Amino acid sequence: MSVSVVLKNACSTCGEGPHWDDVTKCLSFVDIMAGDCHRWDSQTGDHEKIHIGNPTSLIIPREKGGYIVSQGLQLAQLDWQSKQLKPILSVDLEKPKNRFNDGKCDTLGRLWAGTMGYETYPGDIEKEVAHLYMFDKEQNLHTIKDKVNISNGMAWTADNRTFFYTHSMPRKVFAYDFDLVSGNISKERVVVDFTEKSIDEFGIPDGMTIDLNDKIWLACYFSSRIFQIDPETGKILQTIKFETSNITSCCFGGPNYDELYATSSTIGLTAESLAKQPLAGSIFKVNNINAKGVPGIAYQG
Ligand code: BGC
Ligand code: CA
């Protein structure tokens, strides 16, 4: 495996939400606390950003054009050319300090997005006040789960019968039976449990993606690592080590979907550790991973 830097220090806070768009060959991602949406064109190398303000945790292309983004507890439409934002809806109104976190579309183009409690330090949050939502093509909002701490990475198996979901606190990834037609999830079980493992090596499970063989690629905050894990056995199959500790998420991209793109964060690093990690906040590309994935799915509503 070889790790290279695609965009050095692209994010000043928490880089997140990488999404490879098959149509434009662009990688979009966010810089959460900076309130910036980024887009990097893999063909021209152009890198643009739009400041939308408020913590923004997801940017996903819409089939109809533009993007769907989050701003705090709001989902909005973003037109990249005009930079215009149009609010769609807000959630968790009873908990105004919550914010949206990771989001991803399922194969039918419905947006799954979760929230998290107020965070004072990575992983240190108000507990059980957040939710996992599903926003369907008709723009109806469904509450999938309540009492969530930090809603994080998501992935579905190729046959769409299983849904994987990171609960960053308590450092676990769960699997559920998934009903594609209704969008219901059931039969929760644990597939990754890092609760007893060292933070330095295993960190806090965060964003993830899945390869064509249904193995998950789990980015772990504070650990400098992405693990390829077999969710059926819990076994770690491969480990990618980065030169910075706060790896937040990853997605497949490149012409053959055999490159892994990863985001990283500076949040939680002291001035001393930042000085030792000059690549914190960068976007990375990993080659020769012996796996392939699929492009990101656009929102169909
Ligand atoms: C959140 C961060 C959090 C991290 C680790 C990320 O998805 O956006 O705020 O610190 O996960 O749990
Ligand atoms: Ca995340």
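Because the structure is a prediction, the values reported are computed rather than measured.

Conventions adopted
Each chain has its residues counted from 1, running along the sequence as written. As they are written, the chains are lettered A onward and the ligands numbered 1 onward, keeping that order. Two thresholds apply to this predicted model, a pLDDT of at least 70 for residue-level local features and 80 or more for giving and counting side-chain atom pairs, whereas whole-chain, interface and lining totals are computed over all residues. Side-chain metrics in this entry use all non-hydrogen atoms of the structure; hydrogen atoms and water are not considered. Per the convention used, a helix needs a DSSP run of H or I reaching at least four residues, while a strand needs a run of E reaching at least two, with both numbered from the N terminus. Radius of gyration: over C-alpha atoms. The globule rule applied is 2.2 Å multiplied by the number of residues raised to the 0.38 power. The cut-offs for exposure are 20% and 50% of the maximum accessible area for each residue type, with area from a 1.4 Å probe on protein chains only; residues under the lower value are buried, those over the upper are exposed, and the others partly exposed. Working rule for contacts: check all heavy atoms of both residues, and any pair within 4.5 Å makes them a contact. The method behind every accessible area is Shrake-Rupley, applied with a 1.4 Å probe, and residues are considered shielded solely by the protein chains displayed. Asp and Glu are treated as the negative residues and Lys and Arg as the positive ones, with His and the ends of the chain left uncounted. Charge positions are represented by NZ for Lys, CZ for Arg, CG for Asp and CD for Glu. The criterion for strand pairing is that DSSP finds at least two bridges linking the strands in question. Convention adopted: a line fitted to C-alpha atoms gives each axis, helices being fitted over their contacting stretch, and angles between N-to-C directions are expressed from 0 to 180 degrees. Near, as used in this document, describes a residue that has one of its heavy atoms within 4 Å of the molecule or strand being considered. Counted as a polar contact is a pair of N or O atoms within 3.5 Å, where, for protein atoms, one must be capable of donating a hydrogen and the other of accepting one, and residues adjacent in sequence contribute only when both atoms are in side chains. Gly counts as polar in this scheme, as do all residues outside two lists: the nonpolar Ala, Val, Leu, Ile, Met, Phe, Trp, Tyr, Cys and Pro, and the charged Asp, Glu, Lys and Arg.

Participant: Before we go on, may I ask you to explain the overall build of the protein in this structure?
Facilitator: For the protein, the count of helices and strands is two helices and 26 strands. Whereas a compact globule of 301 residues would reach a radius of gyration of roughly 19 Å, the protein reaches 17 Å, a difference of no more than 12%. Seen through its principal axes, the protein has C-alpha atoms that stretch 45 × 45 × 40 Å. Relative to its full complement of 301 residues, the protein shows a buried share of 58%. Long-range contacts, defined here as pairs at least 24 residues apart, represent 49% of the contacts in the protein between residues at least 6 apart. Of the roughly 12,600 Å² that the protein leaves accessible, carbon and sulfur atoms contribute 46%. Side-chain charges of the protein comprise 30 positive and 38 negative groups, with the mean position of each set lying 1 Å from the other.

Participant: Explain the sheet that holds strand β5 (residues 47–51) here, please?
Facilitator: Across a sheet, strands are paired by hydrogen bonds formed along the backbone, either parallel or antiparallel in direction. Pairing within the open sheet is antiparallel, and its four strands lie in the order β2-β3-β4-β5. Looking at strand neighbours, the two that pair on one side only are β2 (15–21) and β5, the edges of this open sheet. Neighbouring strand axes in the sheet, compared pairwise and without regard to direction, differ in orientation by 20° on average. In the sheet, strand β4 (residues 36–41) pairs with β5 via five bridges, with the strands oriented antiparallel. The partner of D36 across the bridge, within β5, is H51.

Participant: What is the right way to look at the side chain of T56 in this model?
Facilitator: Along the chain, T56 turns up in the loop between β5 and β6 (59–61). Of the residues examined, T56 reaches a relative accessible area of 0% and is grouped as buried. Dropping the residues within four chain positions of it, T56 is found in contact with V30, D31, I32, G35, D36, C37, V69 and S70.

Participant: Sorry if this is basic, but what is going on with the environment of P255 here?
Facilitator: Position of P255 relative to the elements: it lies in the loop between β24 (247–253) and β25 (259–264). A relative accessible area of 71% means that P255 is categorised as exposed. In the structure, P255 is positioned 140 residues away from T115 in sequence and 33 Å away in space, judged by C-alpha atoms.

Participant: Is there a simple way to explain the site of ligand 1 in this structure?
Facilitator: Looking at ligand 1, there are 15 residues lining it, with R99, N101, E119, N152 and D206 nearest. Side-chain polar atom of E16 to an oxygen atom of ligand 1: 3.3 Å apart, as the coordinates give it. Take D206: an N or O atom from its side chain is 3.0 Å from an oxygen atom of ligand 1. Taken by itself ligand 1 offers 310 Å² of open surface, and the protein chains cover 99% of this. At the level of elements, β10 (99–105) and β20 (204–210) are the ones that each hand at least two residues to the shell around ligand 1. Residues that form the shell around ligand 1 fall into these classes: six nonpolar, four polar and five charged.

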